[in-house]
Amino acid sequence: MDKLILNIIHRPEMVPEYAEKVTGHGKAEDLGRKTLLTESLDIFKIQQECAHKNGLKTTIQMTYASLFNDEAVSLAKEHHEKYGDEIALTLLGLPCEQFRQKYKTKDFCIWMFSMEDKMAIVDDVFGKFYERFGSYPESTGSYYMDAELINYIKGKYPMVKCAVATCWEEGPKAYHTCNNSWYTFMDGGPWAPWIPSKVNTHAPAANEEEDSGIVAIPHLSRDLIACYDGNGSNFGTHPQNVLRGMIYDTSTWEYPYLYNLIDQYRHLARYNNGYAYNMMFVGPGWMNKMGRWEAPYELLLKSYEDGCAYYGKLKKEGKLVDMTMAEFAGHYRAVKGYTEPECALWRDILYGSEKQLFWYCDPFMRACVNMDQGGAIVDLRPYAAKLEWPVGIGTPHIQDASYPFLIQEKYRAGYFTHYAGEGTVRSAKLCWNGEEVDLCQCRTKAHFSQEGKTRKLTLDPVEIAFAGGLRIKVQTVLSFPEGESVIRIERKLLESSDPAEKVTINEYMVGCYGTTEYTEDMSSLTLSLRAGDTVETLPYEYRCRELSLAGAEEAACVLPPIRTRVSLAAEGADKAGYVKEGYAFSPMFTIGYTGTLSEKEGFTTWLRLERAN
Amino acid sequence: MAQAGKGKLNYRCPSCFMRELDIDMFFDADKGEYYCIRCEYTGTEEEVLKANQLARFRYRDMLKRFDFDALED
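Residues numbered from 1 in each chain as written. Chains lettered and ligands numbered in written order. Predicted model: local features only at pLDDT ≥ 70, side-chain atom pairs only at ≥ 80, totals over all residues.

## Quick look at the overall build of chain B
Part 1 of the argument: Helix and strand counts for chain B stand at 2 helices and 3 strands.
Part 2 of the argument: Overall, chain B shows an N-to-C arrangement of helices and strands of α-β-β-β-α.
Part 3 of the argument: Against the compact-globule benchmark of 11 Å for 73 residues, chain B has a radius of gyration of 17 Å, which places it well outside the compact range.
Part 4 of the argument: Across its three principal directions, the C-alpha atoms of chain B cover 65 × 20 × 15 Å.
Part 5 of the argument: Residue pairs in contact within chain B that sit at least 24 positions apart in sequence constitute 28% of those at least 6 positions apart. (Helix = DSSP H or I, 4+ residues; strand = E, 2+ residues; numbered from the N terminus. Rg over C-alpha atoms; globule rule 2.2 N^0.38 Å. Contact = placed C-beta atoms within 7 Å.)

Right under this line is the structure:
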């Protein structure tokens with residue numbers, strides 16, 4: 001029977017990120033304020049009690065500050081003995097008097113420090129942990145752990161096997177929600193546990209050689225529609241985040257959404273060979289006595305108690321297994337292979353739209369398919385490139401840890417643009433008698449299946465009615481063959497009101513690259529078409545040029561800044577490849593194929609991602 | 001007039017919340033109203049609570065419980 005695996009993590013954060021600002025309003029900053037320290041530890045005790053009374057074990061992630069606190073150390077040891085909790089070490093919670101005096105900075109995000117400081121801080125924190133507990137931790141984490149940091153930790157402390165390593169889709173959206181003041185840019189990673197590659201944390205390892213040696217878990221399990229569309233901090237397995245999103249009944253203090261979210265994660269076992277995972281990690285600042293925004297303390301507490309009680313109920317019903325992080329790392333490596341993808345056919349559980357998104361993640365790509373847009377690919381990250389992307393002071397990306405996209409409908413438009421130019425999307429247009437209908441206009445639903453090592457998404461057929469009278473029914477099937485770095489898309493013309501008529505199909509991908517809403521310099525890109533020995537190239541110069549080639553075997557684009565090569569190949573009647581350059585007002589590229597379709601015929605394309613050297 | 005402070009709870013601006021911005025409001029004790037320092041919203045506590053309720057308009061399934069075991073794929 002499928003069971004949800006749960007990691008509950010608590011950290012005794014002596015100076016919670018939020019509590020200092022909130023409880024301290026009107027007071028000058030004082031990290032050693034006794035009331036703050038006492039309250040923080042009390043919250044940790046309450047969180048531990050909530051888990052234990054529901055029969056759930058936790059991973060206690062000691063913070064640097066808590067290692068200076070005898071009571072926090074003693075509690076961790078006691079709970080390890082009594083409840084089997086793991087004593088781990090987080091790189092969150094660095095701020096405290098001792099840290100400030102030693103490092104002379106207010107930086108607190110480990111991935112943003114210089115490499116020299118990262119190493120010094122890790123050695124300091126791990127050393128302090130050893131001093132207090134007589135051994136090194138097996139688990140660690142932060143909001144983000146860059147590859148260089150993980151490699152350093154694993155090299156020097158090989159017993160570390162698990163780490164919290166990213167917050168899913170916490171990037172420009174979270175930054176905006178915080179009035180452009182919260183610099184956690186880490187979009188583009190996996191939403192569920194993975195084995196990071198040595199080169200780029202977000203990109204899963206494809207084999208033992210690429211294996212960083214740890215199992216990474218995401219910070220919270222997040223709503224794969226709501227967090228993609230909106231602020232990531234409102235829609236996760238963090239009860240107070242749900243309150244932050246105001247997703248509760250103010251009169252009854254009930255929040256069925258939280259339970260729906262957990263249950264939908266349980267449901268993901270259907271797409272992942274029986275495996276499903278949840279992580280809950282609430283920092284103590286979210287349960288401070290002053291309340292949090294509109295939510296009084298009593299509601300904050302109730303929501304955490306209810307969250308733990310629901311997990312406890314699932315455990316009692318045999319539907320959930322609680323593990324520590326280190327236990328989970330062992331389990332994950334036992335049940336998952338390197339190239340086995342993570343799949344999620346996610347349903348809207350909040351807005352009442354019945355919309356579905358399909359998320360796919362493996363060592364070669366992360367892709368999102370939107371059924372409200374006829375199965376268009378609306379987000380695409382080329383992990384095949386295993387892009388070197390060091391972050392922190394002294395690197396080209398001090399704060400920006402996001403994995404670059406080729407397609408991102410929210411940041412670089414999608415199907416809809418404001419009457420000029422194009423947005424990034426991978427879709428198809430059906431054309432007849434001078435009319436053109438994009439499948440993005442056709443809402444549908446998907447069905448998941450697995451055939452051998454291929455994951456398939458079969459969409460319900462959609463009807464297209466041309467104004468000239470022709471009506472056709474088209475079906476889309478997307479296939480993700482494991483380990484091949486390819487997405488195969490088959491379109492079939494199932495029915496036509498006039499079988500003698502042919503329609504033109506235009507399979508296209510509009511792409512670009514970047515990590516934010518703002519365009520990057522496209523000048524180094526090169527587009528190309530190939531048929532046999534004929535190769536035609538088009539260096540990107542913003543001149544709105546196009547090339548086409550009958551019978552082309554490939555239409556491609558090389559993007560040196562993200563070391564990526566993306567290409568399309570096709571099979572079908574009258575196929576012709578084409579590439580489009582874009583222009584200053586529409587800084588995109590397009591690769592595509594045209595062909596013809598009659599009733600019962602199909603047209604198939606293969607989108608391939610590779611590292612460009 | 002003395003400086004503004006926070007109210008008994010730390011209300012966010014409902015107008016900004018609806019455009020996905022979490023902005024703490026300040027309380028003007030002389031006028032008895034909260035105000036946003038980023039936009040032009042002002043309101044009493046009662047008005048803020050009403051506006052917060054309005055912000056939930058998009059959560060049509062907020063109170064619905066789903067049964068995933070009954071779903072077909």
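## What to know about the overall build of chain A
Part 1 of the argument: Within chain A one finds 12 helices and 29 strands.
Part 2 of the argument: Whereas a compact globule of 613 residues would reach a radius of gyration of roughly 25 Å, chain A reaches 25 Å, a difference of no more than 12%.
Part 3 of the argument: The principal-axis extents of the C-alpha atoms in chain A amount to approximately 80 × 50 × 50 Å.
Part 4 of the argument: Residues counted as buried form 55% of the 613 residues belonging to chain A. (Buried ≥ 20, exposed ≤ 12 C-beta atoms within 10 Å, placed from the backbone.)

## So, the interface of chain B and chain A
Part 1 of the argument: Counting residues at the interface gives 26 residues for chain B and 32 residues for chain A.
Part 2 of the argument: Its residues assigned to classes, the side of chain B that touches chain A shows 11 nonpolar, 3 polar and 12 charged. (Nonpolar A, V, L, I, M, F, W, Y, C, P; charged D, E, K, R; others polar.)

## Brief notes about the domain arrangement of chain A
One frequently used descriptor of interface size is the decrease in accessible area upon assembly of the parts.
All names here are of chain A.
Part 1 of the argument: According to the domain assignment, chain A contains domain 1 (3–347) and domain 2 (364–611).
Part 2 of the argument: Placing a centre on the C-alpha atoms of domain 1 and another on those of domain 2 gives a separation of 36 Å.
Part 3 of the argument: On the side of domain 2, 30 residues touch domain 1, which itself brings 31 residues to the contact.
Part 4 of the argument: Elements with a minimum of two residues in the side of domain 1 that touches domain 2: helix 5 (115–133) and strand 9 (342–347). (Domains from an automatic or database assignment.)

## Regarding the packing of helix 5 of chain A against helix 6 (residues 147–156) of chain A
Residues and elements named next belong to chain A.
Part 1 of the argument: At their nearest, the axes of helix 5 and helix 6 sit 11 Å apart, and the two run at 40° to each other. In this view, helix 5 runs oblique relative to helix 6, as classed from their interaxial angle. Handedness of the crossing formed by helix 5 with helix 6: right-handed. Mapping the contact onto sequence places Met115, Lys118, Met119 and Val122 in helix 5 and Glu148, Leu149, Tyr152 and Ile153 in helix 6.
Part 2 of the argument: Taken together, the residues of the contact of helix 5 with helix 6 sort by class into 6 nonpolar, no polar and 2 charged. (Axes fitted to C-alpha atoms, helices over the stretch in contact; angles between N-to-C directions. Parallel < 35°, antiparallel > 145°, perpendicular 65-115°, else oblique. Left-handed = near helix turned anticlockwise from the far one by under 90°.)

## Section: the environment of Val125(A)
Residue and element names in this part refer to chain A.
Part 1 of the argument: Tracing the backbone shows Val125 in helix 5.
Part 2 of the argument: Residues Val125 and Pro95, 30 residues apart in the sequence, show an inter-C-alpha distance of 12 Å.
Part 3 of the argument: If sequence neighbours within four positions are ignored, Val125 has contacts with Tyr64, Leu89 and Leu91.

## As for the confidence of the model for chain B
Part 1 of the argument: For chain B, the mean per-residue pLDDT works out to 92, and 93% of the residues sit at or above 70.
Part 2 of the argument: Confidence, expressed as mean pLDDT per element, reaches its minimum in chain B at strand 1 (residues 26–28) of chain B with 93 and its maximum at strand 3 (residues 42–43) of chain B with 98. (pLDDT = per-residue confidence, 0-100.)

## Points about the sheet that holds strand 2 (residues 33–35) of chain B
Part 1 of the argument: Strand order in the open sheet formed by 3 strands is 1-2-3 (chain B), with antiparallel pairing between adjacent strands. Two strands in the sheet have a free side with no partner beyond their single neighbour: strand 1 and strand 3 of chain B. (Pairing = 2+ DSSP bridges.)

## Here's the deal with the environment of Arg543(A)
Part 1 of the argument: With respect to the secondary-structure elements, Arg543(A) resides in the loop between strand 23 (534–539) and strand 24 (546–550).
Part 2 of the argument: C-alpha of Arg543(A) to C-alpha of Asn241(A): the two residues are 302 residues apart in sequence and 47 Å apart in space.

## With respect to the sheet that holds strand 4 (residues 139–141) of chain A
In any sheet, the strands associate via hydrogen bonds between backbone groups, in a parallel or an antiparallel arrangement.
Residues and elements named next belong to chain A.
Part 1 of the argument: The parallel open sheet is built from 3 strands, whose spatial order is 4-5-6. Two strands close off the open sheet at either side, each with one partner strand: strand 4 and strand 6 (215–218). Going across the sheet, the axis of each strand differs from the next one's by a mean of 30°, ignoring polarity.
Part 2 of the argument: Here 4 bridges tie strand 5 (residues 162–166) to strand 6, and the two strands are oriented parallel to one another. Bridging from a neighbouring strand, Cys162 pairs with Val215 of strand 6.

## With respect to the pairing of strand 26 (residues 564–571) of chain A
Residue and element names in this part refer to chain A.
Part 1 of the argument: Of all 8 residues in strand 26, 7 are buried; the element is thus mostly enclosed.
Part 2 of the argument: Two elements, strand 25 (residues 554–559) and strand 26, share 5 bridges in a ladder whose sense is antiparallel. Bridge assignment links Cys557 to a residue of strand 26, and that residue is Val566.
Part 3 of the argument: Where strand 25 folds back onto strand 26 in an antiparallel hairpin, the turn is made up of 4 residues, including Arg563, whose phi is positive at roughly 45°.
Part 4 of the argument: Two elements, strand 26 and strand 29 (residues 602–611), share 8 bridges in a ladder whose sense is antiparallel. Within the sheet, the bridge partner assigned to Glu571 lies in strand 29 and is Thr604.

## Focus: unusual backbone geometry
All names here are of chain A.
Part 1 of the argument: Phi is positive for Met246, which is not a glycine, with a value near 60°.
Part 2 of the argument: At Tyr542, a residue that is not glycine, the phi angle is positive and equals roughly 60°.
Part 3 of the argument: By the secondary structure assignment, Tyr542 is in the loop between strand 23 and strand 24.

## What about the pairing of strand 25 of chain A?
Consecutive side chains along a regular strand alternate between the two faces of the sheet.
Part 1 of the argument: Both strand 22 (residues 526–531) of chain A and strand 25 of chain A contribute to a ladder of 5 bridges, which runs antiparallel. If you follow Leu529(A) over to strand 25 of chain A, its bridge partner there is Ala555(A).

## Overview of helix 5 of chain A
Residues and elements named next belong to chain A.
Part 1 of the argument: Across its 19 residues, helix 5 extends 26 Å between first and last C-alpha, which sits within 8% of the 27 Å expected from 1.5 Å per residue.
Part 2 of the argument: When we look at burial in helix 5, the residues that qualify are Lys118, Ile121, Val122, Val125, Phe129 and Arg132. Viewed along the axis of helix 5, the buried residues span an arc of 105°, placing them on a single side of the element. Of the exposed residues in helix 5, the ones pointing more than 90 degrees away from its buried face are Glu116, Gly127 and Glu131.
Part 3 of the argument: Those residues of helix 5 hidden inside the fold are in contact with strand 2 (59–62), helix 3 (70–83), strand 3 (86–89) and helix 6.
Part 4 of the argument: Directly after helix 5, the chain includes Gly134, whose backbone phi takes a positive value near 75°. (Expected span 1.5 Å × (residues − 1). Arc of directions from axis to C-beta.)

## What about the environment of Thr515(A)?
Residues and elements named next belong to chain A.
Part 1 of the argument: Counting through the fold element by element, Thr515 comes out in the loop between strand 21 (503–511) and strand 22.
Part 2 of the argument: By the C-beta count within 10 Å, which is 23 here, Thr515 ends up buried.
Part 3 of the argument: Between the alpha carbons of Thr515 and Leu94 there is a distance of 27 Å; along the sequence they are 421 residues apart.
Part 4 of the argument: Other than its neighbours up to four places away in sequence, Thr515 contacts Phe185, Asp187, Asp400, Ser402 and Pro404.

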